[in-house]
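# Working through the structure, step by step
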Amino acid sequence: MTEKQKNNILDTTSNYKKLSIQISLNGLSFCVVDTLDNTVLASERKIFDTELDSLELEKELVTMLKEHNITNNTYAEVIATHRNTLFCFVPKSLFVEDEAHNYLKYNTKVLATDLIAQDEIANFDIVNVFVPLVNINNYIYDLFGDFTYKHSSSIITSSLLNANTNNDITCYVYASERQMDIIIIDKKKLLLFNSFEYTTTEDFLYYLLFTCEQLKLNNETVLLRLFGDIEEDSTIYKNCYNHFKNICVYAPDHSTFQLGDFTKKNIDFTALNAL
C-alpha cells in the first residue's frame, strides 16, 4: 500500500514544508505549503499542447522543479498524485490484493509489466486500483527518498464526499487538461465515478448527458456542479446550462490554507487537496 509511506529521511520536527506534485500526460502541477501557518508558499501549473509520453513527461518535470528551486529544499512530506484514466474502484469488502490486475483489465488495457497500486479511500470502504507512472515515481524517489503516491480520483472522491452537504443527488464534474471526471453523490454515498478524455465541448456534453441518462437522473432536478478549468463565461458552461436547470460553478473550500496571491488558476485542486 502506498498510503502509509512517509519521507523518513527528513527531520519533521524542524521542517514544516510539504510538497505535492500532480502528474498527468497532459500537464503538471505542484504546490508547496508551510504547515505551521497553513500558507501556500509556491504553486505552478503547466498544460501541454499535446499529450506527452512518460519519458517526455519526466523531462518536463525535471525542468519545472529545477526552475522553481523545488529540488533545493527538503520537505516533511512529499506526495505525488497520478492523474489518468487507468483506475477502477472496488468495494473494500470484495477487494483481494492478489487480484488487483484483474480488476483493472475490464476497464482499461493493462500490460503484464505494469505496476499496479492501490489507495484505500478512508471511511468510505472503497479501494482504488490504478496504474502509476513508474519512471516518474523513480525520479521523485531519487530526489526525496520515500514518498506517498496516490491517484487523483482518490483525492477528488474523498474531498467531495467529506464536503458534500446536499440532500439531493449531486453530479460534480471536474475538468482539467482534456480529462473530465464525473462524480455522482447521494448525500455521503458515492453512486458513480467515471473519467473521460475529451477534446471538444461536444465531447464533454455527450459524456455528461450519457452518464446522467444511464443513472436515470432528471436533468431538470439533478444538481450539477462544475469545477476545475470551467468558468461561467466558458463555452462548456453555457452549453451545459442549456440542458441542466440547477447548475453552477462549484467553489471548493480551500479555507484550510491561506492562498495569498495564488488563485485556482495556478493551484490545482488535487495537488492542494492531497496535502
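You'll find the structure just up there.
A brief look at the structure comes next. Just so it is clear, the structure is predicted and the values come from calculations on it, not from any experiment.

## Section: the overall build of the protein
If you tally the helices and strands in the protein, you get seven helices and 13 strands. The globule rule puts the C-alpha radius of gyration for 275 residues at 19 Å, and the 19 Å found for the protein is close to it. With the principal axes as the frame, the protein shows a C-alpha extent of 55 × 45 × 35 Å. Per-residue burial over the protein gives 50% buried out of 275 residues. Contacts in the protein between residues at least 24 apart in sequence constitute 62% of all its contacts with a sequence separation of at least 6.

## Topic: the packing of aromatic side chains
In the structure shown here, the tally under the stated rule is 17 aromatic pairs. Judged by centre distance (5.4 Å) and plane angle (75°), the ring pair of Y198 and F204 falls under edge-to-face. When sorted by exposure, Y198 lands in the same class as F204, which is buried. The interplanar angle of 15° and the centroid separation of 5.9 Å between the aromatic rings of Y206 and F210 together place this pair among those described as stacked. Of this pair, Y206 and F210 both sit in helix α5 (residues 201–214), four residues apart, which is roughly one turn of that helix. Residue class for F210 comes out partly exposed when judged on its relative accessible area of 37%. One aromatic cluster in this structure is built from Y172, Y174, F227, Y250 and F269.

## What to know about the sheet that holds strand β9 (residues 170–176)
Taken together, the five strands give an open sheet; going across it, the order is β11-β10-β9-β12-β13, and neighbouring strands pair in mixed fashion. Lying at the two open borders of the sheet, with one neighbouring strand each, are β11 (189–197) and β13 (246–249). Averaged over all pairs of adjacent strands, the angle between strand axes in this sheet comes to 15°, irrespective of strand direction. Relative to β11, helix α4 (residues 152–163) is tilted by about 140°, and along the sheet it contacts β9, β10 (179–186), β11 and β12 (223–228). Against the sheet, α5 contacts β9, β10, β11 and β12, and its axis sits at roughly 25° relative to β10.

## Topic: the environment of N194
Mapped onto the elements of the fold, N194 is located in strand β11. By relative accessible area, N194 is classed as partly exposed at 33%. Distance in space between the C-alpha atoms of N194 and T270 is 16 Å, their sequence separation being 76 residues.

## So, the sheet that holds strand β2 (residues 27–34)
Spatially, β3-β2-β1-β4-β8 is the arrangement adopted by the five strands of the open sheet, whose pairing is mixed. The sheet terminates laterally at β3 (39–47) and β8 (148–151), the two strands that pair on one side only. Pairwise comparison of adjacent strand axes, ignoring direction, gives a mean angle of 15° for this sheet. Pairing between strand β1 (residues 17–24) and β2: eight bridges, direction antiparallel. Residue K17 lies in a different strand from β2, and its bridge partner there is D34.

## A look at the nonpolar core
Judged by nonpolar contacts, the single largest core of 41 residues is most densely connected at L19, I23 and I140. Setting aside residues up to four positions removed in sequence, I23 forms contacts with L28, L57, A80, T81, H82, R83, L133, I136 and I140.

## Things to note about the packing of helix α1 (residues 54–67) against helix α3 (residues 134–144)
The interhelical angle for the contact between α1 and α3, taken along N-to-C directions, is 30°, at an axis separation of 9 Å. The angle between α1 and α3 falls in the class roughly parallel. Considering how the two elements wind past one another, α1 and α3 form a crossing that is right-handed. Facing α1, whose interface residues are S54, L55, L57, E58, L61, V62 and L65, α3 presents N135, I136, Y139, I140 and L143. Taken together, the residues that form the contact of α1 with α3 break down as nine nonpolar, two polar and one charged.

## Details of the side chain of S153
The residue S153 is located in helix α4 in this model. Of note is the side chain of S153, whose polar atom sits 2.8 Å from the side chain of N128. Here H151 takes part through its side chain, which lies 2.7 Å from a polar atom of the side chain of S153.

## Remarks on the pattern of salt bridges
In total, this model carries seven salt bridges according to the counting rule given. Across the salt bridge formed by R45 and D229, the nearest N and O atoms sit 3.1 Å from each other. Separated by 184 residues along the polypeptide, R45 in strand β3 and D229 in the loop between β12 and α6 (235–241) bring together distant segments of the chain. R45 gets classed as buried once you look at its relative accessible area, which sits at 14%. When its relative accessible area of 37% is taken as the criterion, D229 is described as partly exposed.

Cut-off values and rules
- Residues numbered from 1 in each chain as written.
- Predicted model: local features only at pLDDT ≥ 70, side-chain atom pairs only at ≥ 80, totals over all residues.
- Heavy atoms only, no water.
- Helix = DSSP H or I, 4+ residues; strand = E, 2+ residues; numbered from the N terminus.
- Rg over C-alpha atoms; globule rule 2.2 N^0.38 Å.
- Buried < 20%, exposed > 50% of the residue type's maximum accessible area, 1.4 Å probe, protein only.
- Contact = heavy atoms within 4.5 Å.
- Phe/Tyr/Trp six-rings, centres within 6.5 Å; stacked < 30°, edge-to-face > 60°.
- Pairing = 2+ DSSP bridges.
- Axes fitted to C-alpha atoms, helices over the stretch in contact; angles between N-to-C directions.
- Core = buried A, V, L, I, M, F, W, Y, C linked by side-chain atoms within 4.5 Å.
- Parallel < 35°, antiparallel > 145°, perpendicular 65-115°, else oblique.
- Left-handed = near helix turned anticlockwise from the far one by under 90°.
- Nonpolar A, V, L, I, M, F, W, Y, C, P; charged D, E, K, R; others polar.
- Polar contact = N/O pair within 3.5 Å; in protein donor to acceptor, adjacent residues only side chain to side chain.
- Salt bridge = Lys/Arg side-chain N within 4 Å of Asp/Glu carboxyl O.

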